[in-house]
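Here is what each chain is made of, one letter per residue.
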Amino acid sequence: MPLRPRHTFAAATVTAALIIPSAAHASCGAAASARPASISPAAAVHATLCLLNEQRAKHHLRPLHESKKLDRAARGHSHSMVKHRYFGHGDFAGRIHRAGYRGYTLGENIAWGSLRYSTPASIVDMWMHSAGHRENILRPQFRDIGIGIANGAPEGGVGGAATYTTDFGKPA
């Protein structure tokens, strides 16, 4: 059966497909347009953070800073979605708090794509063309981010895929 490009995304927030041209993300390096399976996990995360902060800079917002606790929550969620074949947020606030992050303004974007739609540039572009995802990325209150990228799709029979989670927060 031939592989066909696939992409899916969802956003959630709680308060207590277009491809970016290569020149548009050149400052984030070659990893921005690479499939995560072909680069190191750290390079894929760095490229995703760089692209998200480029979007925030265009809107005169402070950059997001990577949080190890949010990274742990996001990475675990991406791997869980691939391993257990589901695509959803679940209790993302509970998951973030269980990872040790203390904040009451939280948000989450999830996405997955295959082949050329699995790159950091493609995923960020899809999020920026979706109102809820864009709102999370450009929310001025958010200061911290965790990024988790797992190779594979949250459904069977899809090759060359990657599943992304970004967890956003404002420290308490």
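Residues numbered from 1 in each chain as written. Predicted model: local features only at pLDDT ≥ 70, side-chain atom pairs only at ≥ 80, totals over all residues. Heavy atoms only, no water.

Enquirer: Would you mind going over unusual backbone geometry with me for this structure?
Expert: Most of the time, phi is negative for any residue but glycine, and the peptide bond is trans. If you check the backbone angles, R85 has positive phi at about 55 degrees while not being a glycine. Note on placement: R85 falls in the loop between α2 (68-84) and α3 (92-98). Of the residues examined, R85 reaches a relative accessible area of 46% and is grouped as partly exposed. In this model, L115 sits at a positive phi of 55 degrees, which is unusual for a non-glycine residue. Relative to the helices and strands, L115 resides in the loop between β3 (103-114) and α4 (120-128). Under the relative-accessibility criterion, L115 is labelled partly exposed at 25%. (Helix = DSSP H or I, 4+ residues; strand = E, 2+ residues; numbered from the N terminus. Buried < 20%, exposed > 50% of the residue type's maximum accessible area, 1.4 Å probe, protein only.)

Enquirer: What's the story with α2 in this structure? I'm lost.
Expert: Owing to its 3.6 residues per turn, the α-helix brings residues three or four apart onto one side. Along its 17 residues, α2 runs 24 Å from first to last C-alpha, staying within 8% of the 24 Å computed at 1.5 Å per residue. When we look at burial in α2, the residues that qualify are L70, D71, A73, A74, H77, S78, M81 and V82. Taken down its axis, α2 places every buried residue within 170 degrees of arc, on the same side. In α2, the exposed residues that point more than 90 degrees away from the buried face are K68, K83 and H84. Contacts made by the buried residues of α2 are with β2 (65-66), α3, β3, β4 (144-151) and β5 (161-171). R85 lies just past α2 and shows a positive phi near 55 degrees. (Expected span 1.5 Å × (residues − 1). Arc of directions from axis to C-beta. Contact = heavy atoms within 4.5 Å.)

Worth remembering: the numbers are spatial, not functional.
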